[in-house]
Amino acid sequence: MLLLSQLLKGFLRFFGIPLGLFVGAFSLLLAVSFGAADIGIVDVLQSLNAHVFGINETLGLKDRIIMELRLPRVLLAFIAGAGLSIAGSVLQTVTRNPLADPYLFGISSGASFGAVVVLTLLGQGILSYYGLTWVGLPIGALIGAGLSVFIVLSMCGKDVGRQVERMLLSGVAVSFMFGALSSLMLYFSSPQAAASVLFWSLGSFAKATWSGLMLPALVVVFCTAIILLFQRSIIAMKMGDETAHTLGINVSLLRVGMLILCSTITATLVASCGGIGFVGLMIPHIVRLIFPGQLSLILTGVLGGIFMIWVDVLARTMLSSQELPVGIITAVIGSLFFLFVLKTRKQEA
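Keep in mind that what you see is a predicted model, and the values were worked out from it rather than measured.

Counting secondary structure elements, the protein contains 14 helices and zero strands. Written out in order from the N terminus, the α and β elements of the protein read α-α-α-α-α-α-α-α-α-α-α-α-α-α. A buried classification covers 48% of the 349 residues belonging to the protein. Contacts spanning at least 24 positions in sequence make up 77% of the contacts within the protein whose residues lie at least 6 apart. Here the protein has roughly 17800 Å² of accessible surface; of this, 71% comes from carbon and sulfur atoms.

In structure tokens:
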């Protein structure tokens, strides 16, 4: 039994990322076939073949549903899941707290508040009039996330490295504060604006478009590439600030830099698909459970993307007449997982 377990771990260690990429590609194709319209995976492959190879043949309504509605939605779900999972993994490592998460750290709430301010005060009409619809929400979300990080860091004082616990507690307080401010903005807004913002804040990929995919994809890829450049330094921080400092790592600067990158990823994704919590908490734990002692950001991102794809499929197929917000499903699953992690830590203590 022990030999079988070691062989399985060895197989996953060497083939985990290729296997994850294969499952991710298959999930992308299969998820496109789910929905109200009767579309099979063969129709998806034919549509992709026609567009990739430039075959000028009209495939009709099914082709439009696949290429204009479902495929951008599934790709946005994958990007969001990957970005939030990577951000959660980095936050848990640099803070050395397994409960750290963009949602619990206050970054997601700050980004949501910034986006809500843009939606309620400026409105989509003004943004559309000046041609700023595509950039207004990301800028507002980024400002809100930056403000959240600034408040959290200011609560820790100059010695950020020795205030990890205070940093996390400050993040929880900031999360509640921005949540209350967002509710206050909605209270004084019009009923139509409040309804649209409320649905958006719960998380949804329903309005995904090809043009809207560019910004979140570029931000997630760019920030992940920078994080991968410092992956060894991030891993060294798991052994403690003193150990990392003896290796020549500027711990405080690295921690602040990773917080900024995670804030950028979270803010962009919140602006694109609303607030989706607990993904950054669950997926890194699952990866560490399968690959103990390793930090594979690529695999974390791939598994996070696969998870979000199937959560979105569940959200649009669970009810026949309407669609559930994605954030509700992740909150239910994530809260149970959060309690599981707390119980596990209590037993270890």
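Judged by nonpolar contacts, the single largest core of 81 residues is most densely connected at Val90, Phe105, Phe205, Ile227, Met258, Ile276 and Met308. Top contributing element to this core by residue count: helix α3 (residues 61–94), with 15 residues. What Val90 contacts, discounting residues up to four positions off in sequence, is Ile227, Met258, Cys262 and Leu297.

Bringing the packing of α3 against helix α8 (residues 210–229) into the picture now. Two elements in contact, α3 and α8, have axes separated by 10 Å at closest approach and are oriented at 25°. It follows from the interaxial angle that α3 and α8 lie roughly parallel. Every pair of crossing elements has a handedness; the one defined by α3 and α8 is left-handed. Between α3 and α8, the contacting residues are Met67, Glu68, Leu71, Pro72, Leu75, Leu76, Ile79, Gly83, Ile86 and Val90 on the first element and Trp210, Leu213, Pro216, Ala217, Val220, Thr224 and Ile227 on the second. Across the contact of α3 with α8, the residue classes break down as 14 nonpolar, two polar and one charged.

Unlike most non-glycine residues, Phe278 shows phi in positive territory, near 75°. If you trace the backbone, Phe278 turns up in the loop between α11 (251–273) and α12 (279–290).

Before going further, it helps to spend a moment on the environment of Leu45. Relative to the helices and strands, Leu45 resides in helix α2 (residues 41–52). The partly exposed category is assigned to Leu45, whose relative accessible area is 44%.

Now for the pattern of salt bridges. Note on pairing: side chains with opposite charge can pair once their charged atoms come close. This model, assessed by the stated rule, comprises four salt bridges. Of the charged contacts in the structure, one is a salt bridge between Glu68 and Arg64, with a shortest N-O distance of 3.5 Å. You can see Glu68 and its partner Arg64 sitting in helix α3, four residues apart, about one turn around the helix. Accessibility expressed as a relative area gives 44% for Glu68, which makes it partly exposed. Linked through salt bridges whose partners overlap, the residues forming this network are Arg73, Asp312, Arg316 and Glu323.

So, about the layout of surface pockets. One water molecule sets the probe size; rolling that probe over the atoms shows where empty space is left. Estimated volume of the second largest pocket: approximately 510 Å³. Taken together, 22 residues line the second largest pocket, and the ones lying closest to its centre are Tyr103, Ser109, Ser112, Gly179 and Ser201. Broken down by element, the residue count for the lining of the second largest pocket peaks at eight residues, all from helix α6 (residues 164–187). By residue class, the composition of the lining of the second largest pocket is 11 nonpolar, 11 polar and no charged.

The α-helix advances 3.6 residues per turn, and as a result positions three or four apart in sequence lie on the same side. In a regular helix each residue adds 1.5 Å, so 23 residues correspond to 33 Å; α11 covers 33 Å between its end C-alpha atoms and thus fits that length. Directly beyond the C-terminal end of α11, a positive phi value near 85° is found at Gly274.

This part takes up empty space enclosed by the protein. Within the structure shown, the criterion is met by one cavity of 30 Å³ or more. Taken as a whole, the largest cavity spans an internal volume of roughly 50 Å³. What lines the largest cavity is simply Leu84, Pro102, Tyr103, Ser108, Leu269, Val270, Cys273, Gly274 and Ile276. Among the elements that take part in the lining of the largest cavity, α11 stands out by supplying three residues, more than any other.

Time to look at the environment of Leu19. Here Leu19 is to be found in helix α1 (residues 2–32). We classify Leu19 as partly exposed; its relative accessible area is 39%. For the pair Leu19 and Leu299, spaced 280 residues apart in the sequence, the C-alpha separation amounts to 9.5 Å.

The geometry of an aromatic ring pair comes down to the distance between the two centres and the angle between the two planes. Evaluation of the coordinates by the stated rule reveals three aromatic pairs. Between Phe34 and Trp310 the ring centres are 5.8 Å apart and the planes differ by 85°, which places this aromatic pair in the edge-to-face class. Of the two residues, Phe34 sits in the loop between α1 and α2 while Trp310 sits in helix α13 (residues 297–317), which places them 276 residues apart along the sequence. Residue classification places Phe34 among the partly exposed positions, given a relative accessible area of 30%. Between the aromatic rings of Phe113 and Phe178, the centroid separation amounts to 5.4 Å while the plane-to-plane angle is 40°, which identifies the pairing as tilted. Here the residue Phe113 occupies a position in helix α4 (residues 107–129), and Phe178 occupies one in helix α6, the gap between them amounting to 65 residues. A relative accessible area of 16% means that Phe113 is categorised as buried. The class of Phe178 is buried, set by a relative accessible area of 1%.

With that settled, consider the environment of Leu99. On the secondary structure map, Leu99 appears in the loop between α3 and α4. Residue Leu99 is classed as buried on the basis of its relative accessible area, which comes to 11%. With 69 residues separating them in the primary sequence, Leu99 and Leu168 have C-alpha atoms 8.7 Å apart.

Conventions and cut-offs
Residues numbered from 1 in each chain as written. Predicted model: local features only at pLDDT ≥ 70, side-chain atom pairs only at ≥ 80, totals over all residues. Heavy atoms only, no water. Helix = DSSP H or I, 4+ residues; strand = E, 2+ residues; numbered from the N terminus. Buried < 20%, exposed > 50% of the residue type's maximum accessible area, 1.4 Å probe, protein only. Contact = heavy atoms within 4.5 Å. Areas by Shrake-Rupley, 256 points an atom, 1.4 Å probe, with all protein chains shown as cover. Core = buried A, V, L, I, M, F, W, Y, C linked by side-chain atoms within 4.5 Å. Axes fitted to C-alpha atoms, helices over the stretch in contact; angles between N-to-C directions. Parallel < 35°, antiparallel > 145°, perpendicular 65-115°, else oblique. Left-handed = near helix turned anticlockwise from the far one by under 90°. Nonpolar A, V, L, I, M, F, W, Y, C, P; charged D, E, K, R; others polar. Salt bridge = Lys/Arg side-chain N within 4 Å of Asp/Glu carboxyl O. 1 Å grid on protein atoms, 1.4 Å probe; cavity = no way out; pocket = protein on both sides within 12 Å on 5 of 7 lines; lining within 4 Å. Points joined across faces, edges and corners; volume = space filled by probe spheres on them. Expected span 1.5 Å × (residues − 1). Phe/Tyr/Trp six-rings, centres within 6.5 Å; stacked < 30°, edge-to-face > 60°.

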